[in-house]
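Residue-level structure breakdown
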Amino acid sequence: MSQSVDRSKRPFVVASIVLATFMVAIEATIVATAMPRIVGELGGFTYYSWVFSAFLLAQSTTTVIYGKLSDIFGRKPILIGGILIFLFGSALAGFAWSMTSLIAFRLLQGLGAGAIQPVTMTIVGDLYKLQERAKVQGVLASVWAVSAVTGPLAGGLIVDNVSWAWIFWINLPIGVFTIIGFSLFLHESIEPRKAKIDYWGTILFSVAIVSLLVILTETDADLWILVSLAAVFVISGILFVLQERRAPEPIISIALWGQRLIATSNIATLLAGMALIGLTTILPIYVQGVLGRSPLVAGFTLTMLIVGWPLAVMLSSRFFRAFGIRTTLRVGSLMFPVGASFLLFLTPDSSPVSAGFGSFLMGFGMGLISLTSIVLVQESVDWAMRGSATASIIFSRSLGNTLGATALGAILNMGIMHFGSGDLAAKLHEVINQPSGLSSLSANPAIQLVFHSALHWSFWGVFAVAICTFATTWLIPVSPDAGRKKLPTQEEVQEAMAP
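Owing to the predicted nature of the structure, the values given are computational and were not obtained by experimental measurement. (Residues numbered from 1 in each chain as written. Predicted model: local features only at pLDDT ≥ 70, side-chain atom pairs only at ≥ 80, totals over all residues. Heavy atoms only, no water.)

1. Description of the overall build of the protein
Stated precisely, the cut-off is as follows: The numbering of helices and of strands both runs from the N terminus, where a helix is a DSSP run of H or I of at least 4 residues and a strand a run of E of at least 2. Any residue under 20% of the maximum accessible area for its type is buried, any over 50% is exposed, and the rest in between are partly exposed; the area is computed with a 1.4 Å probe on protein chains only. Throughout, a contact is declared for two residues whenever any of their heavy atoms are within 4.5 Å. Surface accessibility follows the Shrake-Rupley procedure with a 1.4 Å probe radius. Residue values consider only the protein chains on display as shielding.
Assigned secondary structure in the protein consists of 19 helices and 2 strands. Looking at the protein as a whole, 57% of its 499 residues qualify as buried. Looking at the protein alone, contacts between residues at least 24 apart form 85% of all its contacts between residues at least 6 apart. Summing over all exposed atoms, the protein offers an accessible surface of approximately 19700 Å²; the carbon and sulfur share of this is 69%.

2. Focus: the environment of Val-18
Here Val-18 is to be found in helix α1 (residues 10-25). Look at Val-18 and you get partly exposed, because its relative accessible area is 22%. Residues Val-18 and Leu-140 lie 122 residues apart in sequence; the distance between their C-alpha atoms is 6.3 Å. Apart from the residues within four sequence positions on either side, Val-18 is in contact with Val-139, Leu-140 and Val-143.

3. Details of the packing of aromatic side chains
In plain terms, the rule: Within 6.5 Å between ring centres, the rings of Phe, Tyr and Trp (the latter by its six-membered ring) count as paired, and their orientation is classed by plane angle as stacked under 30 degrees, edge-to-face over 60, tilted in between. Lysine and arginine charges are scored as sitting over a ring when NZ or CZ, respectively, is within 6 Å of the ring centre and within 35 degrees of the ring normal.
Taken as a whole, this structure holds 13 aromatic pairs when the rule is applied. Ring pairs connect the aromatic residues Phe-319, Phe-323, Phe-360 and Phe-364, which therefore count as one cluster. The ring of Trp-474 is capped by Arg-330, whose NZ or CZ atom sits 3.9 Å from the centre of that ring.

4. Quick word on helix α8 (residues 171-185)
Note the following rule: Each helix should span, by expectation, one fewer than its residue count multiplied by 1.5 Å. Here the arc refers to the set of directions running from the helix axis out to each C-beta atom.
For α8, spanning 15 residues, the distance from its first C-alpha to its last is 21 Å, which sits close to the expected 21 Å at 1.5 Å a residue. Buried within α8 we find Asn-171, Ile-174, Gly-175, Thr-178, Ile-179, Gly-181, Phe-182 and Phe-185. Projected down its long axis, α8 shows its buried positions confined to an angular sector of 165 degrees, all on one face. Exposed residues on α8 whose side chains face more than 90 degrees from its buried face are Phe-177 and Leu-184.

5. Concerning the packing of helix α12 (residues 260-289) against helix α13 (residues 295-323)
Test applied: Axis definition: a line fit to C-alpha positions, over the contact stretch in the case of helices; interaxial angles, taken between N-to-C directions, run 0 to 180 degrees. Convention used here: angles under 35 degrees read as roughly parallel, angles over 145 as roughly antiparallel, angles from 65 to 115 as roughly perpendicular, and any remaining angle as oblique. Crossing chirality is assigned from the near helix's rotation relative to the far helix, an anticlockwise turn below a right angle marking it left-handed and a clockwise turn marking it right-handed. For this scheme, ten residues count as nonpolar: Ala, Val, Leu, Ile, Met, Phe, Trp, Tyr, Cys and Pro. Four count as charged, namely Asp, Glu, Lys and Arg, and the remainder, Gly too, count as polar.
Running from amino to carboxyl end, α12 crosses α13 at an angle of 155 degrees, the nearest separation of the two axes being 8 Å. Considering their axes alone, α12 and α13 lie roughly antiparallel with respect to each other. Judged by the twist between their axes, the crossing of α12 over α13 is right-handed. Where α12 abuts α13, its residues Leu-276, Leu-279, Thr-280, Leu-283, Pro-284, Val-287 and Gln-288 lie against Pro-295, Val-297, Ala-298, Thr-301, Leu-302, Leu-305 and Trp-309. Split into classes, the residues belonging to the contact of α12 with α13 amount to 11 nonpolar, 3 polar and no charged.

6. Quick notes on the pattern of salt bridges
Pairs can form between side chains of opposite charge whenever their charged atoms are close. In plain terms, the rule: In what follows, salt bridge is the name for a side-chain nitrogen of Lys or Arg lying within 4 Å of a carboxyl oxygen of Asp or Glu.
The full count for this structure, using the stated rule, is 1 salt bridge. A salt bridge links Arg-106 to Glu-27, with the nearest nitrogen and oxygen atoms 2.6 Å apart. With Arg-106 in helix α5 (residues 99-127) and Glu-27 in helix α2 (residues 27-42), this pair connects stretches of sequence that are 79 residues apart. Overall, the relative accessible area of 1% leaves Arg-106 in the buried class.

7. Quick notes on the environment of Val-136
Position of Val-136 among the secondary structure elements: in helix α6 (residues 130-161). For Val-136, a relative accessible area of 8% translates into the label buried. Ignoring sequence-local partners within four residues, the contact set of Val-136 consists of Val-14, Val-124 and Tyr-128.

8. Notes on the environment of Ala-272
Summarising the element assignment, Ala-272 is placed in helix α12. Each C-alpha atom of the pair Ala-272 and Thr-469 lies 5.9 Å from the other, and the pair is 197 residues apart in sequence. Non-local contacts of Ala-272, meaning those with residues more than four positions away in its chain, are made with Phe-336, Met-366 and Thr-469.

9. Thoughts on helix α14 (residues 325-344)
Over its 20 residues, α14 runs 30 Å from end to end, which matches the ideal 28 Å to within 8%, given 1.5 Å per residue. When you tally the buried positions in α14, you get 14 out of 20 residues, the bulk of the element.

10. Comments concerning a nonpolar patch on the surface
For clarity, the cut-off: The patches reported here contain residues having more than 30% relative accessible area and no salt bridge. Joining distances are 9 Å for like charges and 5 Å for nonpolar side chains (Val, Leu, Ile, Met, Phe, Trp, Tyr).
On the surface, Phe-233, Val-234, Ile-235, Ile-238, Leu-239 and Leu-242 cluster together to form a nonpolar patch covering roughly 530 Å² of accessible area. Counting through the fold element by element, Ile-238 comes out in helix α10 (residues 223-246). Taking relative accessible area as the criterion, Ile-238 reaches 49% and is therefore assigned partly exposed.

11. Re the confidence of the model for the protein
Counted only if it meets this: As a per-residue quantity, pLDDT reports the predictor's confidence and falls between 0 and 100.
Residues at a pLDDT of 70 or more form 82% of the protein, whose mean pLDDT is 79. Mean pLDDT values over the elements of the protein span from 50, in strand β1 (residues 2-3), up to 92, in helix α4 (residues 75-94).

12. Focus on the packing of α1 against α8
Running from N to C, α1 and α8 cross one another at 150 degrees; their axes reach a closest spacing of 9 Å. By the angle class used here, α1 and α8 are roughly antiparallel. Here α1 and α8 pass one another in a crossing that is left-handed. Mapping the contact onto sequence places Phe-12, Val-13, Ser-16, Ile-17, Leu-19, Ala-20, Phe-22 and Met-23 in α1 and Asn-171, Ile-174, Gly-175, Phe-177, Thr-178, Gly-181, Phe-182 and Phe-185 in α8.

Written out as structure tokens, the structure reads:
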């Protein structure tokens, strides 16, 4: 396959890539800020976390497939097809009439989003030589930083001034311009290439993860249902491992993941992803429902989370040179539980500044963990396996996001049932599932206290996962002087700056 793009037109292709990247990058934070208002109108607070889990599951399980399909059919048709699916899901999500329909449309969005990040990164590699690529990848890295700041703010402004549906519909004009840009300026001649796609591995993985997510969510289901789902999870998990051992090109290389450095790095990244997505989904609810602040203020607390992330990445070269990778990694992971501990001391009278500072520390820690993990993993394998090793880190973070959103959402629901003795839990759901939503919680201190206590269970869950992340980083084998001469490349910086 070759790209035949006039050098004068490459900036237009990059501009299209920037727009496509922005759509995916802004998705998590803009939706998290608006979700309390959405629940207030649609009801179904019990399934709050599934709005995130459905999107993340579909995105993570299709990423590898889209990458290989682009090798067979070309980047352009696969990317445009993914964008169209994403836009179709966005349009439908704006018309959602219940939480069930919103979850289904978010799943459709995720199926399309799975094509955008891997294929756009591949196009950059196709169009630019290695020595030219750093500047372009730096631009793409800045997109994630910009979206991290604008996403929460845009979500707060939209739900305060217009219908929440516009957090999804805002993707439509951006997506249309993106498709036009790729159609006009990206040209490629396709040479037939063989690529074996691990369809069975993808199906078995999806079945295993979905059954696990349902178990975590439906904790009050009948025992026989939970046992059946557990059996499905175990059987599909075993079949998945067997499939990956014999597949020519598995979505997860058992041999690769079996290496101690890669296994521990991936586990640490997965746990960090669980903690961060838990914070992203739960903190806006607390700021709006318990602290009684506006969606815009809730957005600011999330903004601090991802302001710390790129800042840590940009300072990482100095840390590597001064302290080495091992010390940088362990100090970065220590900031995770330190930041999470700020959440444990939040009360209805607390200032959102405290929540924002805790978010900043966790984001800063995640920035260091992400980059150092990528550098260590890439340096531990040969060049031929470097792509797969890097993909394993990104995949682990995505899987952690999926599991974390569901598990911590389930903890929140259990907390509501535990603290909502009598009919308080029912009253809490009744209040939340009204158009006024969380803003009316402060009118009833008893219900507000139930919500505060239940959310603190989730905060303890975030803190526990943060502690596990810190402990796991100490198991990663790396010499004290590693990284003093090996500074991160621009490619590593871009991968690490994508939350």
